[in-house]
Amino acid sequence: MKNAKSLPIIIASIILVAFCAVSFVLYDASESIAIRGVEGSYAQTYANENGIEFLEIHDSENDKVEIPIIDEGKYAENTDKEENNKEQLATPEEFKAQTKSVTSIALTWNPVKKADSYDIYISDGVSYTKAATVDADSPTSYLVEELEADTTYFFTIQAVTKDKNTDNSEFSEVVYAVTAKENGEFSYDYENNAVNITDYKGAGSEVIVPETIDELPVQAFTMDVLNRGIKVVQIPESVTRINSKFKASRYDVIFFVALAIMLIGYIFSIIATLIGMKKSETAKATFYGIPFVYSGITTFILIAILSAVALKIGLSPIIQVVVAIVIIAVASIRLFGAGVAREIITDKDEETQQRTQFIKLLSADAQALITDAKSDEAKALAKKVYEAIRFSDPMSSPELAQIEAQIQNEFNSFYSAILSDNTEQAEASSIRIIDMINIRSNRCKALK
(Lines give C-alpha, C1' and ligand atoms only; values in the text may rest on other atoms or scores of the structure.)
Protein backbone atom coordinates (compact mmCIF):
# COMPACT_ATOMS: atom_id res chain seq x y z
CA MET A 1 0.00 0.00 0.00
CA LYS A 2 2.93 2.33 0.66
CA ASN A 3 4.09 1.90 -2.94
CA ALA A 4 0.59 2.71 -4.20
CA LYS A 5 0.65 5.96 -2.23
CA SER A 6 4.16 7.03 -3.24
CA LEU A 7 4.00 6.13 -6.95
CA PRO A 8 1.74 9.06 -8.04
CA ILE A 9 3.89 11.48 -6.02
CA ILE A 10 7.04 10.12 -7.68
CA ILE A 11 5.46 10.47 -11.13
CA ALA A 12 4.37 14.07 -10.43
CA SER A 13 7.83 14.91 -9.06
CA ILE A 14 9.55 13.51 -12.15
CA ILE A 15 7.26 15.57 -14.41
CA LEU A 16 7.96 18.73 -12.40
CA VAL A 17 11.73 18.28 -12.38
CA ALA A 18 11.81 17.41 -16.10
CA PHE A 19 9.65 20.41 -16.96
CA CYS A 20 11.83 22.82 -14.98
CA ALA A 21 15.03 21.40 -16.44
CA VAL A 22 13.78 21.59 -20.03
CA SER A 23 12.31 25.07 -19.49
CA PHE A 24 15.53 26.57 -18.15
CA VAL A 25 17.60 24.93 -20.89
CA LEU A 26 15.38 25.52 -23.92
CA TYR A 27 13.64 28.78 -23.02
CA ASP A 28 15.29 31.73 -24.72
CA ALA A 29 17.08 32.91 -21.61
CA SER A 30 18.46 36.17 -22.90
CA GLU A 31 17.85 38.84 -25.49
CA SER A 32 21.00 40.29 -26.99
CA ILE A 33 21.14 43.11 -29.52
CA ALA A 34 24.26 43.47 -31.65
CA ILE A 35 26.12 46.73 -32.16
CA ARG A 36 27.45 47.54 -35.61
CA GLY A 37 30.14 50.14 -36.00
CA VAL A 38 33.60 51.05 -37.20
CA GLU A 39 36.56 49.09 -35.96
CA GLY A 40 38.36 50.98 -33.20
CA SER A 41 35.38 53.20 -32.41
CA TYR A 42 33.87 53.80 -28.99
CA ALA A 43 30.98 51.54 -30.04
CA GLN A 44 33.39 48.60 -30.38
CA THR A 45 35.02 49.39 -27.03
CA TYR A 46 31.63 49.54 -25.33
CA ALA A 47 30.53 46.26 -26.96
CA ASN A 48 33.71 44.44 -25.91
CA GLU A 49 33.54 45.72 -22.32
CA ASN A 50 29.91 44.67 -21.92
CA GLY A 51 30.00 41.31 -23.71
CA ILE A 52 27.85 42.50 -26.61
CA GLU A 53 28.30 41.12 -30.12
CA PHE A 54 30.10 43.67 -32.29
CA LEU A 55 29.66 43.66 -36.04
CA GLU A 56 32.11 45.63 -38.13
CA ILE A 57 30.16 47.60 -40.67
CA HIS A 58 29.05 45.39 -43.57
CA ASP A 59 30.84 42.24 -42.46
CA SER A 60 27.71 40.60 -41.13
CA GLU A 61 25.59 41.64 -44.11
CA ASN A 62 27.70 40.66 -47.11
CA ASP A 63 25.90 37.37 -47.45
CA LYS A 64 22.47 39.02 -47.29
CA VAL A 65 22.78 41.79 -49.88
CA GLU A 66 23.08 41.18 -53.61
CA ILE A 67 26.06 43.29 -54.65
CA PRO A 68 25.94 44.57 -58.25
CA ILE A 69 28.97 43.57 -60.35
CA ILE A 70 31.05 46.33 -61.93
CA ASP A 71 31.92 46.08 -65.63
CA GLU A 72 35.66 46.60 -65.42
CA GLY A 73 36.08 46.76 -69.18
CA LYS A 74 33.71 49.68 -69.38
CA TYR A 75 35.99 51.88 -67.28
CA ALA A 76 39.41 50.57 -68.34
CA GLU A 77 41.63 53.29 -69.86
CA ASN A 78 44.72 51.17 -70.69
CA THR A 79 43.46 48.52 -73.09
CA ASP A 80 46.53 47.89 -75.28
CA LYS A 81 46.80 44.11 -75.05
CA GLU A 82 50.16 44.05 -76.91
CA GLU A 83 51.83 45.83 -74.05
CA ASN A 84 51.28 43.14 -71.41
CA ASN A 85 54.39 43.70 -69.34
CA LYS A 86 53.27 46.97 -67.80
CA GLU A 87 53.48 47.55 -64.10
CA GLN A 88 50.09 47.82 -62.43
CA LEU A 89 49.14 49.90 -59.44
CA ALA A 90 48.13 48.05 -56.30
CA THR A 91 44.43 47.78 -55.56
CA PRO A 92 43.35 50.17 -52.78
CA GLU A 93 42.95 48.35 -49.49
CA GLU A 94 40.81 48.92 -46.40
CA PHE A 95 38.14 50.54 -48.53
CA LYS A 96 35.22 51.27 -46.20
CA ALA A 97 31.90 53.03 -46.31
CA GLN A 98 30.16 54.52 -43.28
CA THR A 99 26.80 56.19 -42.94
CA LYS A 100 27.15 59.82 -41.90
CA SER A 101 23.67 61.21 -42.20
CA VAL A 102 20.36 60.99 -43.98
CA THR A 103 21.97 62.09 -47.26
CA SER A 104 25.68 61.30 -46.91
CA ILE A 105 28.10 58.37 -46.69
CA ALA A 106 31.81 58.66 -45.87
CA LEU A 107 34.42 56.60 -47.76
CA THR A 108 37.95 55.84 -46.56
CA TRP A 109 40.83 53.78 -47.94
CA ASN A 110 44.58 53.27 -47.65
CA PRO A 111 46.84 55.23 -50.04
CA VAL A 112 48.40 53.48 -53.02
CA LYS A 113 51.99 54.15 -54.01
CA LYS A 114 52.52 55.99 -57.34
CA ALA A 115 48.79 56.70 -57.67
CA ASP A 116 47.97 60.15 -59.05
CA SER A 117 44.27 60.02 -58.17
CA TYR A 118 41.43 57.74 -57.20
CA ASP A 119 38.23 57.20 -59.13
CA ILE A 120 35.18 56.41 -56.98
CA TYR A 121 32.19 54.64 -58.50
CA ILE A 122 28.74 54.48 -57.00
CA SER A 123 25.72 52.26 -57.64
CA ASP A 124 22.21 52.20 -56.27
CA GLY A 125 22.01 48.50 -57.04
CA VAL A 126 21.61 48.64 -60.84
CA SER A 127 24.68 50.18 -62.52
CA TYR A 128 27.81 52.06 -61.55
CA THR A 129 28.64 55.65 -62.35
CA LYS A 130 31.69 57.68 -61.46
CA ALA A 131 30.90 59.65 -58.31
CA ALA A 132 34.19 61.54 -57.96
CA THR A 133 37.89 61.70 -58.66
CA VAL A 134 40.04 62.38 -55.62
CA ASP A 135 43.55 63.75 -56.09
CA ALA A 136 46.26 61.60 -54.50
CA ASP A 137 47.61 64.61 -52.66
CA SER A 138 44.31 64.94 -50.79
CA PRO A 139 43.38 62.81 -47.72
CA THR A 140 42.31 59.29 -48.62
CA SER A 141 38.70 59.94 -47.81
CA TYR A 142 35.61 61.29 -49.51
CA LEU A 143 32.13 62.30 -48.37
CA VAL A 144 29.44 61.31 -50.85
CA GLU A 145 26.53 63.71 -50.45
CA GLU A 146 23.08 64.46 -51.87
CA LEU A 147 21.94 60.87 -51.46
CA GLU A 148 18.45 59.54 -50.79
CA ALA A 149 17.47 58.71 -47.20
CA ASP A 150 17.25 55.07 -46.10
CA THR A 151 18.83 53.79 -49.33
CA THR A 152 21.59 51.25 -49.91
CA TYR A 153 24.53 52.50 -52.00
CA PHE A 154 27.43 50.41 -53.32
CA PHE A 155 30.93 51.74 -53.91
CA THR A 156 34.19 50.62 -55.49
CA ILE A 157 37.44 52.52 -56.00
CA GLN A 158 40.30 52.38 -58.50
CA ALA A 159 43.77 53.84 -58.18
CA VAL A 160 44.62 55.85 -61.32
CA THR A 161 48.02 56.79 -62.76
CA LYS A 162 49.09 59.21 -65.49
CA ASP A 163 52.15 57.09 -66.31
CA LYS A 164 51.53 55.43 -69.68
CA ASN A 165 53.86 52.59 -68.70
CA THR A 166 51.77 51.71 -65.72
CA ASP A 167 48.24 50.34 -65.61
CA ASN A 168 45.57 51.55 -63.31
CA SER A 169 44.78 49.25 -60.41
CA GLU A 170 42.06 46.64 -60.30
CA PHE A 171 38.76 47.77 -58.86
CA SER A 172 38.55 47.28 -55.13
CA GLU A 173 36.13 45.03 -53.35
CA VAL A 174 32.62 46.49 -53.44
CA VAL A 175 31.47 48.01 -50.14
CA TYR A 176 28.14 49.55 -49.26
CA ALA A 177 26.29 51.56 -46.66
CA VAL A 178 22.70 52.53 -45.97
CA THR A 179 21.90 56.17 -45.52
CA ALA A 180 20.11 57.01 -42.31
CA LYS A 181 16.37 57.34 -42.16
CA GLU A 182 14.78 60.73 -41.93
CA ASN A 183 15.39 62.37 -38.58
CA GLY A 184 11.71 61.94 -37.82
CA GLU A 185 12.63 58.32 -37.03
CA PHE A 186 14.44 59.48 -33.88
CA SER A 187 13.73 61.48 -30.77
CA TYR A 188 16.73 63.39 -29.46
CA ASP A 189 17.96 66.09 -27.10
CA TYR A 190 20.60 68.73 -27.53
CA GLU A 191 23.58 68.54 -25.19
CA ASN A 192 26.55 70.91 -25.45
CA ASN A 193 26.16 71.54 -29.18
CA ALA A 194 25.70 67.83 -29.81
CA VAL A 195 22.80 65.40 -30.15
CA ASN A 196 21.68 62.66 -27.75
CA ILE A 197 19.48 59.97 -29.33
CA THR A 198 16.70 59.15 -26.83
CA ASP A 199 14.23 57.07 -28.84
CA TYR A 200 13.56 55.33 -32.15
CA LYS A 201 10.15 55.73 -33.71
CA GLY A 202 10.57 53.26 -36.53
CA ALA A 203 9.54 49.63 -36.68
CA GLY A 204 12.60 48.10 -38.34
CA SER A 205 14.78 45.45 -36.77
CA GLU A 206 17.95 47.39 -37.67
CA VAL A 207 18.54 50.93 -36.42
CA ILE A 208 21.10 53.08 -38.24
CA VAL A 209 22.05 56.10 -36.18
CA PRO A 210 23.22 59.05 -38.30
CA GLU A 211 26.48 60.78 -37.48
CA THR A 212 24.86 64.21 -37.57
CA ILE A 213 21.37 65.59 -36.97
CA ASP A 214 20.55 69.22 -37.64
CA GLU A 215 24.19 69.72 -38.58
CA LEU A 216 25.24 68.70 -35.07
CA PRO A 217 27.25 65.56 -34.24
CA VAL A 218 25.46 62.65 -32.58
CA GLN A 219 27.58 62.01 -29.50
CA ALA A 220 25.27 60.12 -27.12
CA PHE A 221 22.97 57.14 -27.44
CA THR A 222 20.63 56.64 -24.48
CA MET A 223 17.51 55.07 -25.99
CA ASP A 224 15.96 51.81 -24.81
CA VAL A 225 16.37 49.11 -27.45
CA LEU A 226 15.16 46.01 -25.58
CA ASN A 227 11.86 44.21 -26.23
CA ARG A 228 11.19 46.19 -29.40
CA GLY A 229 12.15 43.67 -32.05
CA ILE A 230 15.45 45.44 -32.70
CA LYS A 231 18.31 43.12 -33.67
CA VAL A 232 21.18 45.43 -34.67
CA VAL A 233 22.04 49.05 -33.87
CA GLN A 234 24.59 50.78 -36.09
CA ILE A 235 26.40 53.43 -34.07
CA PRO A 236 28.61 56.03 -35.79
CA GLU A 237 32.14 56.99 -34.75
CA SER A 238 30.86 60.33 -33.45
CA VAL A 239 29.17 58.63 -30.46
CA THR A 240 31.25 58.81 -27.30
CA ARG A 241 28.64 57.89 -24.69
CA ILE A 242 26.22 54.95 -24.61
CA ASN A 243 23.60 54.57 -21.89
CA SER A 244 21.48 51.67 -23.06
CA LYS A 245 21.03 48.00 -22.21
CA PHE A 246 21.72 45.72 -25.14
CA LYS A 247 21.38 42.51 -23.13
CA ALA A 248 18.59 41.49 -20.77
CA SER A 249 17.26 38.37 -19.10
CA ARG A 250 14.30 36.81 -20.82
CA TYR A 251 13.31 34.93 -17.67
CA ASP A 252 10.39 37.32 -17.60
CA VAL A 253 6.94 37.44 -16.00
CA ILE A 254 5.58 34.91 -18.50
CA PHE A 255 8.34 32.47 -17.57
CA PHE A 256 7.95 32.78 -13.81
CA VAL A 257 4.14 32.71 -13.92
CA ALA A 258 4.31 29.50 -15.96
CA LEU A 259 6.64 27.92 -13.39
CA ALA A 260 4.49 29.13 -10.49
CA ILE A 261 1.36 27.63 -12.05
CA MET A 262 3.30 24.41 -12.65
CA LEU A 263 4.27 24.32 -8.96
CA ILE A 264 0.65 24.95 -7.89
CA GLY A 265 -0.46 22.07 -10.10
CA TYR A 266 2.19 19.86 -8.50
CA ILE A 267 1.04 20.79 -4.97
CA PHE A 268 -2.58 20.15 -5.99
CA SER A 269 -1.72 16.67 -7.28
CA ILE A 270 0.19 15.84 -4.06
CA ILE A 271 -2.72 16.98 -1.88
CA ALA A 272 -5.20 15.02 -4.00
CA THR A 273 -3.02 11.91 -3.72
CA LEU A 274 -2.66 12.22 0.05
CA ILE A 275 -6.41 12.70 0.46
CA GLY A 276 -7.13 9.77 -1.83
CA MET A 277 -4.69 7.47 -0.10
CA LYS A 278 -5.74 8.45 3.43
CA LYS A 279 -6.25 5.31 5.57
CA SER A 280 -5.46 3.11 2.57
CA GLU A 281 -4.28 0.12 4.60
CA THR A 282 -6.61 -2.21 2.70
CA ALA A 283 -7.07 -2.92 -0.99
CA LYS A 284 -10.66 -1.65 -0.77
CA ALA A 285 -9.56 1.66 0.72
CA THR A 286 -6.87 2.05 -1.97
CA PHE A 287 -9.49 1.40 -4.64
CA TYR A 288 -11.69 4.13 -3.18
CA GLY A 289 -8.73 6.57 -3.45
CA ILE A 290 -8.08 5.98 -7.16
CA PRO A 291 -10.44 8.80 -8.34
CA PHE A 292 -8.52 11.27 -6.18
CA VAL A 293 -5.14 10.20 -7.55
CA TYR A 294 -6.43 10.17 -11.13
CA SER A 295 -7.92 13.65 -10.78
CA GLY A 296 -4.73 15.03 -9.20
CA ILE A 297 -2.38 13.61 -11.85
CA THR A 298 -4.72 14.59 -14.71
CA THR A 299 -4.92 18.14 -13.39
CA PHE A 300 -1.14 18.32 -13.06
CA ILE A 301 -0.65 17.12 -16.64
CA LEU A 302 -3.13 19.72 -17.94
CA ILE A 303 -1.32 22.41 -15.96
CA ALA A 304 2.01 21.23 -17.40
CA ILE A 305 0.60 21.46 -20.93
CA LEU A 306 -0.70 24.97 -20.17
CA SER A 307 2.71 26.08 -18.86
CA ALA A 308 4.53 24.57 -21.85
CA VAL A 309 2.21 26.35 -24.30
CA ALA A 310 2.66 29.59 -22.36
CA LEU A 311 6.44 29.39 -22.72
CA LYS A 312 6.23 28.37 -26.35
CA ILE A 313 3.96 31.17 -27.59
CA GLY A 314 4.48 33.74 -24.83
CA LEU A 315 0.98 33.43 -23.39
CA SER A 316 -0.14 36.38 -21.29
CA PRO A 317 0.23 35.81 -17.51
CA ILE A 318 -3.42 36.85 -17.02
CA ILE A 319 -4.61 34.23 -19.49
CA GLN A 320 -2.36 31.64 -17.84
CA VAL A 321 -3.85 32.38 -14.42
CA VAL A 322 -7.45 32.33 -15.69
CA VAL A 323 -7.03 29.00 -17.50
CA ALA A 324 -5.23 27.50 -14.49
CA ILE A 325 -8.05 28.61 -12.16
CA VAL A 326 -10.62 26.98 -14.45
CA ILE A 327 -8.65 23.71 -14.58
CA ILE A 328 -8.15 23.57 -10.81
CA ALA A 329 -11.79 24.59 -10.14
CA VAL A 330 -13.11 21.76 -12.33
CA ALA A 331 -10.68 19.33 -10.68
CA SER A 332 -11.75 20.51 -7.20
CA ILE A 333 -15.40 19.90 -8.04
CA ARG A 334 -14.50 16.40 -9.18
CA LEU A 335 -12.52 15.81 -5.99
CA PHE A 336 -15.45 17.02 -3.89
CA GLY A 337 -17.76 14.63 -5.74
CA ALA A 338 -15.31 11.77 -5.25
CA GLY A 339 -15.06 12.61 -1.55
CA VAL A 340 -18.85 12.58 -1.10
CA ALA A 341 -19.10 9.31 -3.00
CA ARG A 342 -16.38 7.74 -0.87
CA GLU A 343 -18.12 8.79 2.33
CA ILE A 344 -21.42 7.38 1.14
CA ILE A 345 -19.81 4.09 0.09
CA THR A 346 -17.85 3.86 3.35
CA ASP A 347 -20.99 4.49 5.40
CA LYS A 348 -22.82 1.83 3.42
CA ASP A 349 -19.97 -0.61 3.96
CA GLU A 350 -20.02 0.00 7.69
CA GLU A 351 -23.79 -0.35 7.78
CA THR A 352 -23.61 -3.57 5.79
CA GLN A 353 -20.97 -4.98 8.11
CA GLN A 354 -23.12 -4.17 11.13
CA ARG A 355 -26.28 -5.60 9.58
CA THR A 356 -24.57 -8.85 8.56
CA GLN A 357 -22.67 -9.29 11.79
CA PHE A 358 -25.30 -11.53 13.47
CA ILE A 359 -25.37 -14.15 10.71
CA LYS A 360 -21.59 -14.02 10.23
CA LEU A 361 -20.88 -14.68 13.90
CA LEU A 362 -23.60 -17.33 14.15
CA SER A 363 -22.30 -19.03 11.02
CA ALA A 364 -18.72 -19.02 12.38
CA ASP A 365 -19.85 -20.56 15.67
CA ALA A 366 -21.88 -23.22 13.86
CA GLN A 367 -18.93 -24.13 11.65
CA ALA A 368 -16.63 -24.43 14.66
CA LEU A 369 -19.22 -26.64 16.37
CA ILE A 370 -18.92 -29.20 13.57
CA THR A 371 -15.30 -29.75 14.53
CA ASP A 372 -16.03 -29.84 18.24
CA ALA A 373 -18.84 -32.45 17.97
CA LYS A 374 -17.83 -35.81 19.47
CA SER A 375 -20.06 -38.27 17.62
CA ASP A 376 -20.99 -38.61 13.97
CA GLU A 377 -24.66 -38.01 14.80
CA ALA A 378 -23.73 -34.78 16.63
CA LYS A 379 -21.54 -33.70 13.71
CA ALA A 380 -24.42 -34.29 11.31
CA LEU A 381 -26.77 -32.16 13.43
CA ALA A 382 -24.16 -29.38 13.71
CA LYS A 383 -23.60 -29.45 9.95
CA LYS A 384 -27.35 -29.30 9.30
CA VAL A 385 -27.73 -26.22 11.51
CA TYR A 386 -24.64 -24.64 9.92
CA GLU A 387 -26.05 -25.07 6.39
CA ALA A 388 -29.36 -23.53 7.43
CA ILE A 389 -27.61 -20.49 8.89
CA ARG A 390 -25.15 -20.12 6.00
CA PHE A 391 -27.86 -20.01 3.34
CA SER A 392 -30.15 -17.69 5.25
CA ASP A 393 -30.55 -13.98 4.40
CA PRO A 394 -27.48 -12.24 5.94
CA MET A 395 -29.03 -8.79 6.35
CA SER A 396 -30.32 -7.75 9.75
CA SER A 397 -32.59 -4.90 10.80
CA PRO A 398 -34.12 -3.60 14.04
CA GLU A 399 -37.38 -5.41 13.17
CA LEU A 400 -35.53 -8.74 13.34
CA ALA A 401 -33.95 -8.15 16.73
CA GLN A 402 -36.52 -10.27 18.67
CA ILE A 403 -36.35 -13.33 16.43
CA GLU A 404 -32.56 -13.08 16.26
CA ALA A 405 -32.40 -13.03 20.08
CA GLN A 406 -34.54 -16.16 20.17
CA ILE A 407 -32.29 -17.82 17.57
CA GLN A 408 -29.22 -16.92 19.60
CA ASN A 409 -30.71 -18.35 22.82
CA GLU A 410 -31.75 -21.56 21.11
CA PHE A 411 -28.33 -21.85 19.45
CA ASN A 412 -26.67 -21.53 22.86
CA SER A 413 -28.73 -24.50 24.04
CA PHE A 414 -27.88 -26.40 20.87
CA TYR A 415 -24.20 -25.57 21.38
CA SER A 416 -24.24 -26.98 24.92
CA ALA A 417 -26.07 -30.12 23.79
CA ILE A 418 -23.54 -30.84 21.03
CA LEU A 419 -20.57 -30.39 23.32
CA SER A 420 -22.12 -32.73 25.90
CA ASP A 421 -23.03 -35.20 23.11
CA ASN A 422 -26.72 -35.05 24.10
CA THR A 423 -28.01 -35.83 20.64
CA GLU A 424 -31.64 -36.01 21.68
CA GLN A 425 -31.64 -32.46 23.07
CA ALA A 426 -29.41 -31.28 20.19
CA GLU A 427 -31.87 -32.64 17.60
CA ALA A 428 -34.80 -30.88 19.24
CA SER A 429 -32.86 -27.64 19.38
CA SER A 430 -31.76 -27.97 15.76
CA ILE A 431 -35.40 -28.29 14.61
CA ARG A 432 -36.37 -25.13 16.53
CA ILE A 433 -33.29 -23.24 15.21
CA ILE A 434 -34.05 -24.16 11.61
CA ASP A 435 -37.69 -23.18 12.01
CA MET A 436 -36.74 -19.79 13.47
CA ILE A 437 -34.12 -19.29 10.72
CA ASN A 438 -36.85 -19.84 8.13
CA ILE A 439 -39.17 -17.44 9.94
CA ARG A 440 -36.39 -14.83 9.99
CA SER A 441 -35.69 -15.27 6.26
CA ASN A 442 -39.38 -14.82 5.45
CA ARG A 443 -39.48 -11.63 7.51
CA CYS A 444 -36.35 -10.36 5.65
CA LYS A 445 -38.15 -10.84 2.35
CA ALA A 446 -41.20 -9.03 3.66
CA LEU A 447 -39.12 -6.11 4.90
CA LYS A 448 -37.41 -5.72 1.50
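Since the structure is predicted, the reported quantities are computational estimates derived from the model, not experimental observations.

Conventions and cut-offs
- Residues numbered from 1 in each chain as written.
- Predicted model: local features only at pLDDT ≥ 70, side-chain atom pairs only at ≥ 80, totals over all residues.
- Heavy atoms only, no water.
- Phe/Tyr/Trp six-rings, centres within 6.5 Å; stacked < 30°, edge-to-face > 60°.
- Buried < 20%, exposed > 50% of the residue type's maximum accessible area, 1.4 Å probe, protein only.
- Helix = DSSP H or I, 4+ residues; strand = E, 2+ residues; numbered from the N terminus.
- pLDDT = per-residue confidence, 0-100.
- Polar contact = N/O pair within 3.5 Å; in protein donor to acceptor, adjacent residues only side chain to side chain.
- Pairing = 2+ DSSP bridges.

Trainee: Quick rundown of the packing of aromatic side chains? Include the residues and the values.
Mentor: This structure, assessed with the given rule, holds 13 aromatic pairs. Look at Y188 and Y190: their rings are 5.8 Å apart centre to centre, the planes differ by 85°, and that puts the pair in the edge-to-face class. The exposure class assigned to Y188 is partly exposed, which follows from its relative accessible area of 23%. For the pair F411 and F414, a centre-to-centre distance of 6.2 Å together with 45° between the ring planes defines the contact as tilted. Taken as a pair, F411 and F414 lie in helix α9 (residues 401–419) at a separation of 3 residues, close to a single helical turn. No difference in accessibility class separates F411 from F414, as the two residues are buried. Three or more aromatic residues joined by ring pairs form one cluster here, namely Y42, Y46, F221 and F246.

Trainee: Now, about the confidence of the model for the protein chain: what can you tell me, with residues and values included?
Mentor: Put simply, the protein chain has an average pLDDT of 83, and 87% of its residues get 70 or more. Within the protein chain, strand β7 (residues 117–123) carries the highest mean pLDDT (94), whereas helix α1 (residues 2–26) carries the lowest (70).

Trainee: Please provide a residue-by-residue account of the side chain of S169, values included.
Mentor: Along the polypeptide, S169 turns up in the loop between β11 (166–167) and β12 (175–178). Take S169: its relative accessible area is 2%, and that puts it in the buried class. A distance of 2.8 Å separates the side chain of S169 from the backbone nitrogen of A159, its partner in a polar contact.

Trainee: Tell me about unusual backbone geometry, residues and numbers included.
Mentor: One non-glycine residue, E94, lies in the positive phi region at around 55°. Structurally, E94 can be placed in the loop between β4 (87–88) and β5 (96–99). Here N192, not a glycine, exhibits a phi torsion of approximately 50°, which is positive. The topology assignment puts N192 in the loop between β13 (186–190) and β14 (195–200).

Trainee: With reference to specific residues and values, describe the pairing of strand β2 (residues 34–37).
Mentor: Burial along β2 is two-sided: A34 and R36 facing one way and I35 and G37 facing the other are all buried. By the bridge criterion, 3 bridges tie β2 to strand β18 (residues 232–234) in an arrangement that is parallel. Across the sheet, R36 pairs through a bridge with Q234, a residue of β18. With 3 bridges connecting them, β2 and strand β3 (residues 54–56) associate as parallel partners. Across the sheet, the residue bridging to R36 is L55, located in β3.

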